[in-house]
Amino acid sequence: MTIRGQDIASVIKRQIEEFGGELTLVDVGTVVEAADGVARIHGLSDVRSMELLQFPGDTLGMALNLEEDSVSAVILGGFSHIKEGDEVRSTGRIVEVPVGDALVGRVVDPLGRPLDGKGPVNTSETRPVEQIAPNVVSRKSVDTPLQFGVKIVDGLIPVGRGQRELIIGDRNTGKTSLCLDAIINQKGGDVTCVYVAIGQKASKVAATVATLEQHGAMDHTIVISSAASDPAPVQYLAPYTGATIAEHIMYSGRDALIVYDDLTKHAWAYRQMSLLLRRPPGREAYPGDVFYLHSRLLERSARMNDENGGGSSTALPIIETQAGDLSAYVPTNVISITDGQIYLQPELFTAGIRPALDTGLSVSRVGSAAQTKGMKGVAGRLRLEMAQFREIATFAQFGTDDLDSSTRAQLERGRRATEVLKQVELNPLSMEQQVTIFYLLTSGALDDVAQENILAFESGWHEYAAANIPDVLGEIASSGDLSDEAGKKLDEAAAAYKQTAGL
Ligand code: ATP
Ligand code: MG
């Protein structure tokens, strides 16, 4: 077959005429060095910080260090196949994740890809993971309670919607359980929860999801999971993904609760990533901006004012301490960023006082603004009694023989209060139930109940109250207040209950 020059010319001409596709310019670079999940890339002159990069084999990366003649990127996922000479393309997109209601009930990875085998997440909405936090003018102060359903928290260290409350303590002191209580307690309410697992064992995350499912809490919860086996950059991204999803809920005028479990591991992941990127190490080998890492994350939780929809995002970051050392670098950072901390103490935990909340070292800087009127009334007295008890208890351990009667009464009251504040995990109580038991405690109705019978008294009491005085409970629930009349009815009911229970 012979090809004539004329034919070729006409083919080329036709192709030029038909060429209508828009030109897309893709920035392409070459990997010059790849190790430990970090790649140094030559080229990519127009890439932006935190832009998604496409590596061979559907692997994504994130550009981080933009240097004069190269770009360093972290690889989000498996990195063993990436080698020198590989082609890298920029995508023009800053790292973004899917957001929206389709995520509720799902378990996803930090890039929003499903991990629960329930098929794709059906949402077309996305948001970049790095966002500027809402400014002060668009916020308002915290005034609505976010009920944990845990007596010691709702009573003594109340948390409000839009607040950032740190949960801090050693290993195995009930940090996760306390947050799960808070999530489970939102069942049937208007708060959507986001649980971010950072660097935990995959089995532990699976157990957490199973617990939430058992208690019907996955219907209002989204889980972001990055396991300990995931590369550091994936773990680094997880809390920002969670914050972005929670923020979307907040900006749509609704309420979100986000748990970061935990930020200690997040700081470790960031340290590892930064050292591999050759950023200069500072104190405890963390990069200099580890404070900024957490402050820009937690600042994104806020309570918006009414002009801006009135939504909120409440943050519960968790920090694990070593041997109770609250003054280590990362713990002090996060303490100073948040609006208070709940300190869980290993000694209390082993002594069986659970939740092991240290009432002396825990604070909520929002305070009683985040309590209903009824709760404020009873909890104010309780707080005072607990403070007095702590003081007396220290010297009472040397003997109580020479104490005057009023001091002894305070001591007895404090011991009963300690019993009342115990609560088993995953068993949240409603606000009205809490108000009634605090009322009985502070009004002295429990003074003649032996200390060892308090727990039995309480569990029976809630059943008795539900069956016999549902109107009083209903009134406290709807008005948020405890009237004198309701108080009288509680006194009567308590006396009758003591008779029947023989306590
Ligand atoms: P880690 O440091 O491993 O993350 P953690 O501080 O999150 O631990 P949890 O896992 O919440 O602690 O709880 C540790 C153990 O204590 C669990 O077995 C849990 O069942 C138990 N526990 C937690 N809270 C209570 C409680 N209020 N009453 C009884 N047991 C509890
Ligand atoms: Mg935990």
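Residues numbered from 1 in each chain as written. Chains lettered and ligands numbered in written order. Predicted model: local features only at pLDDT ≥ 70, side-chain atom pairs only at ≥ 80, totals over all residues. Heavy atoms only, no water.

Asks: An account of a nonpolar patch on the surface is needed here, citing residue identities and associated values.
Replies: Taken together, the side chains of Ile 8, Ile 12 and Ile 16 define a hydrophobic patch exposed on the protein surface, amounting to about 300 Å² of accessible area. Of note, Ile 8 is situated in helix H1 (residues 5–18). Assessed through its relative accessible area of 44%, Ile 8 is described here as partly exposed. (Patch = residues over 30% accessible without salt bridge, like charges linked within 9 Å, V, L, I, M, F, W, Y side chains within 5 Å. Areas by Shrake-Rupley, 256 points an atom, 1.4 Å probe, with all protein chains shown as cover. Salt bridge = Lys/Arg side-chain N within 4 Å of Asp/Glu carboxyl O. Helix = DSSP H or I, 4+ residues; strand = E, 2+ residues; numbered from the N terminus. Buried < 20%, exposed > 50% of the residue type's maximum accessible area, 1.4 Å probe, protein only.)

Asks: Any details on the site of ligand 1? Residues and values, ideally.
Replies: Neighbouring ligand 1 are 15 residues, the closest being Lys 175, Thr 176, Ser 177, Lys 204 and Glu 425. Here an oxygen atom of ligand 1 and a backbone polar atom of Gly 174 are 3.0 Å apart. Separating an oxygen atom of ligand 1 from a side-chain N or O atom of Ser 177 is a distance of 2.5 Å. Summarising the interface, the protein chains cover 76% of the accessible area of ligand 1, which totals 630 Å² for the free molecule. (Near = heavy atom within 4 Å. Polar contact = N/O pair within 3.5 Å; in protein donor to acceptor, adjacent residues only side chain to side chain.)

Asks: How would you summarise helix H6 (residues 263–276) if you had to cite specific residues and measurements?
Replies: For H6, with 14 residues, the first-to-last C-alpha span of 20 Å sits near the 20 Å given by 1.5 Å per residue. All of the buried residues along H6 are Leu 263, Thr 264, Lys 265, His 266, Ala 267, Ala 269, Tyr 270, Met 273 and Ser 274. Between the side-chain oxygen of the N-cap and the backbone nitrogen of Thr 264 there are 3.0 Å, and the N-cap of H6 in question is Asp 262. Arg 278 lies just past H6 and shows a positive phi near 60°. (Expected span 1.5 Å × (residues − 1).)

Asks: Pulling in residues and values, what's your account of the packing of aromatic side chains?
Replies: Counting across every chain of the model gives seven aromatic pairs. Considering the side-chain rings of Trp 461 and Tyr 464, the 6.3 Å spacing of their centres and the 25° angle between planes classify their relative orientation as stacked. Linking Trp 461 with Tyr 464, this pair stays in helix H13 (residues 454–468), spanning three residues, or about one helical turn. In this structure, Trp 461 and Tyr 464 share a single accessibility class: buried. The structure contains a cluster of three or more aromatic residues connected by ring pairs, namely Phe 457, Trp 461, Tyr 464 and Tyr 497. For the cation-ring pair, Arg 271 lies above Tyr 286, with the distance from its terminal atom to the ring centre recorded as 4.3 Å. Across from the ring centre of Phe 349, 4.0 Å away, lies the NZ or CZ of Arg 354, which sits over that ring. (Phe/Tyr/Trp six-rings, centres within 6.5 Å; stacked < 30°, edge-to-face > 60°. Lys NZ or Arg CZ within 6 Å of the ring centre and 35° of its normal.)

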